[in-house]
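Residue-level listing of the chains:
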Amino acid sequence: MKKMMMTLSLLTSLLLAGMAQATLVTQWKFDQSSTWNSATFSAGGGSTLQNASVISWGGTLDFHNNTGNGTSSRSGLEITNGNILGGTVVTNGSAAVTNTITHYNNTLSGAYATLTNAVLDTLLTLTPDLPNPGAALPPDLISFAIHFKETPNQANCGFITTSLCDDIFVIDSGALNNSFVYDGFTYYVSAFETTNKLQPLPAATCAVAGAAAGCLGFQTEEGKFTPAIFAFVITSTPVQIPEPGLLALIGIGLLGLFLSRKQSS
């Protein structure tokens, strides 16, 4: 009997120890990188460039400078804060701001080659940090297709526009509440654009950009620039976000569409 009681006591201790280990992760470390994987341009003159953080096209000047001279000016898409190592995000807490994509729309010669499509790659790794540090979850690569239209500056644009034909940026959209299980708990990862720059565009605007109806993106007025700032949250219950924030949610470079495929560690 004494031996049986010792065995039961040991089993109980092991069970309680196992239960004690199943603790909600309150803080995560994250590594995230967002890079331009590729870019496609129309036929034409000028010069084109694509590297990890910048896609640009047009004349010889820096695309950050707007001179109004179509021969020398240059337009571009730039990723800033594209690499964040050792960032932290609190479960059910504030959003973690990650990268910004800015479109610089400068006047260009109609003879120049312009951007038509691009691919954005994002890699995200989450690591349990508090209260019990753990091993990093396997990272995963997510690719997003970009449709872009450098519009001619003419009276008839074929879509609703603020300037004399805004340029159009469209990005594949993701979803709310991408879920994963870690140590017996379900977590939800949701990404969003913090300034509501990304919005559902009218069907005519999507068509001009070569995208399907209901596309998500923004328009940039001629001679101006448009920054879109991205962030994500981790929650222990599904997120409810009212319009228009819900419509602007995307999983860019940020986020864990892969998480729905991960199992508890």
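Now for the packing of aromatic side chains. Taken as a whole and judged by the stated rule, the model has nine aromatic pairs. Considering the side-chain rings of Trp 28 and Tyr 182, the 5.8 Å spacing of their centres and the 70 degrees angle between planes classify their relative orientation as edge-to-face. Taken together, the residues span a long stretch of sequence, with Trp 28 in strand E1 (residues 27–41) and Tyr 182 in strand E10 (residues 178–182) at a distance of 154 residues. No difference in accessibility class separates Trp 28 from Tyr 182, as the two residues are buried.

Let's shift gears to the sheet that holds strand E7 (residues 115–130). Spatial ordering of the open sheet is given by E5-E1-E7-E8-E9-E13-E12, a layout of seven strands whose pairing is antiparallel. Two strands close off the open sheet at either side, each with one partner strand: strand E5 (83–90) and strand E12 (199–200). The sheet contact formed by E1 and E5 spans six bridges and is antiparallel. Residue Ser 33 lies in a different strand from E5, and its bridge partner there is Asn 83.

As a further point, take the sheet that holds E10. To summarise the sheet geometry, strands pair through backbone hydrogen bonds and adopt either a parallel or an antiparallel arrangement. Spatial ordering of the open sheet is given by E2-E3-E4-E6-E14-E11-E10, a layout of seven strands whose pairing is antiparallel. In the strand order of this sheet, the two ends are held by strand E2 (47–50) and E10, each with one partner. On average, adjacent strands in this sheet sit at an angle of 10 degrees to one another, irrespective of strand direction. Direction of pairing for strand E6 (residues 96–104) relative to strand E14 (residues 225–235): antiparallel, over a ladder of seven bridges.

The next subject is unusual backbone geometry. With an omega of 0 degrees, the peptide bond between Leu 130 and Pro 131 qualifies as cis. The topology assignment puts Pro 131 in the loop between E7 and strand E8 (140–149). Residues other than glycine seldom take positive phi values, yet Cys 165 does so here, at roughly 75 degrees. Residue position: Cys 165 is located in the loop between E8 and strand E9 (167–171). In this structure, Asp 183 takes a positive phi of about 55 degrees despite not being glycine. Among the secondary structure elements, Asp 183 is positioned in the loop between E10 and strand E11 (185–193).

Note on placement: Asp 166 falls in the loop between E8 and E9. A polar contact of 2.5 Å, which involves the side chain of Asp 166, links it to the side chain of Ser 163.

Following the sequence through the fold, Gln 32 ends up in strand E1. Judged by its relative accessible area of 2%, Gln 32 falls in the buried class. Within the local environment of Gln 32, its side chain forms a polar contact with the side chain of Ser 34, the two groups lying 2.9 Å apart.

A few words on the pattern of salt bridges. In the structure shown here, the tally under the stated rule is one salt bridge. In this structure, the salt-bridge partner of Lys 224 is Glu 221, at a minimum N-O distance of 3.4 Å. Note on Lys 224: relative accessible area 46%, which makes it partly exposed. For Glu 221, a relative accessible area of 26% gives the class partly exposed.

Reading the values: rules and limits
Residues numbered from 1 in each chain as written. Predicted model: local features only at pLDDT ≥ 70, side-chain atom pairs only at ≥ 80, totals over all residues. Heavy atoms only, no water. Phe/Tyr/Trp six-rings, centres within 6.5 Å; stacked < 30°, edge-to-face > 60°. Helix = DSSP H or I, 4+ residues; strand = E, 2+ residues; numbered from the N terminus. Buried < 20%, exposed > 50% of the residue type's maximum accessible area, 1.4 Å probe, protein only. Pairing = 2+ DSSP bridges. Axes fitted to C-alpha atoms, helices over the stretch in contact; angles between N-to-C directions. Polar contact = N/O pair within 3.5 Å; in protein donor to acceptor, adjacent residues only side chain to side chain. Salt bridge = Lys/Arg side-chain N within 4 Å of Asp/Glu carboxyl O.

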